[in-house]
Amino acid sequence: MQFAHMLLESMLKPKPLPKEILAKVRNKILKNPKIFKYLPIIDARSDGKYSRTVGWLRHVRAATIKTWHYPKGVKVVIKYVHYSPSAKQKIKFITNVARAHNSEKKPALYELWEPAASPVGVEFIAMPVISAPTIRDVLGPINKFAAKSGRLFFRDMQKTSGISSEKLKEKLKYAYNELHENLNNLTYLQDAEYGIKESNFFVLGYKKGKFIFMPMMDIW
């Protein structure tokens, strides 16, 4: 993955998939849902390699979708929804959590962005690929791929902010602690403690003295 320049102050939010691409994803998946299990795994918490590993990571897959307007293809993440009534409800809940959090808590050390996700039928969610490390990748990676993404994050962070790696880690720890406390104090999330952890949030960048966090789609 390429992380160069991803931490610039002018960084934009991840955009939803183009309608043409999303329509083709829906057409393929809804016609034959079984093809999902043959797609390569692309979970950010894996070792960074496409694989067919069983376990939690099997719920996040990748596909390259080509259309007339996108002949080279667009990389798409397709997530199987588990422990939720439907993809639409899952997206709505996480979006509402992010909005309520931002409105009620007004965090000082970070911003929490909503995922750019779209429902595909009842069981699947489609999203653009996010080329960014998780909070855990930066603070304490669990594999070589995560360690590399964390190092690249530090390198670009230092170029854009001048913050040393030690101070950056310290500030990120404080930001995550604030995120954890804020989310855990939302009444309707008190039974979802398992989802509030470093590996379930992307670090998209650093803007105006704040980290940019975005939750994954399977944290609640």
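Look above for the structure.
Residues numbered from 1 in each chain as written. Predicted model: local features only at pLDDT ≥ 70, side-chain atom pairs only at ≥ 80, totals over all residues. Heavy atoms only, no water.

It is not clear to me how the sheet that holds strand 7 (residues 210-215) should be interpreted in this structure. Could you clarify?
Two orientations exist for strands paired in a sheet by backbone hydrogen bonds: parallel and antiparallel. The strand order across the open sheet formed by three strands is 3-7-6, and the pairing between neighbours is mixed. Where the open sheet ends on each side, the last strands, each with one partner, are strand 3 (110-112) and strand 6 (201-207). The sheet shows a mean angle of 25° between the axes of neighbouring strands, taken without regard to direction. Here six bridges tie strand 6 to strand 7, and the two strands are oriented antiparallel to one another. Across the sheet, residue Phe202 finds its bridge partner in strand 7, namely Met214. Running over the sheet, helix 5 (residues 165-184) touches strand 3, strand 6 and strand 7 and is turned about 50° from strand 7. (Pairing = 2+ DSSP bridges. Helix = DSSP H or I, 4+ residues; strand = E, 2+ residues; numbered from the N terminus. Axes fitted to C-alpha atoms, helices over the stretch in contact; angles between N-to-C directions. Contact = heavy atoms within 4.5 Å.)

Help me understand the pairing of strand 6 in this model?
Where a strand is regular, its side chains alternate between the two sheet faces. Of all seven residues in strand 6, six are buried, a share of seventy percent or more. Between the antiparallel neighbours strand 6 and strand 7 lie two residues, among them Lys208 with a positive phi of about 50°. (Buried < 20%, exposed > 50% of the residue type's maximum accessible area, 1.4 Å probe, protein only.)

Any chance you could explain the sheet that holds strand 1 (residues 60-65) here in plain terms?
An order of 1-2-5-4 is seen for the four strands of this open sheet, with the pairing classed as antiparallel. Single-partner strands in this sheet number two, and they are strand 1 and strand 4 (118-120). Between one strand and the next, the sheet's axes are offset by a mean angle of 35°, whatever the strand orientation. One ladder, built from three bridges, connects strand 4 with strand 5 (residues 124-128); its direction is antiparallel. The partner of Ser118 across the bridge, within strand 5, is Ala126. Running over the sheet, helix 1 (residues 19-31) touches strand 1, strand 2 (74-80), strand 4 and strand 5 and is turned about 30° from strand 4.

How should the pattern of salt bridges be read in this particular structure?
Once their charged atoms are close, side chains differing in charge can pair, the charge on each being opposite to the other. All chains considered together, the criterion is met by one salt bridge. For Glu114, the salt bridge identified is with Arg99, shortest N-O distance 2.9 Å. Highlighted residues: Glu114 in the loop between strand 3 and strand 4 and Arg99 in helix 2 (residues 87-105), separated in sequence by 15 residues. Take Arg99: its relative accessible area is 49%, and that puts it in the partly exposed class. (Salt bridge = Lys/Arg side-chain N within 4 Å of Asp/Glu carboxyl O.)

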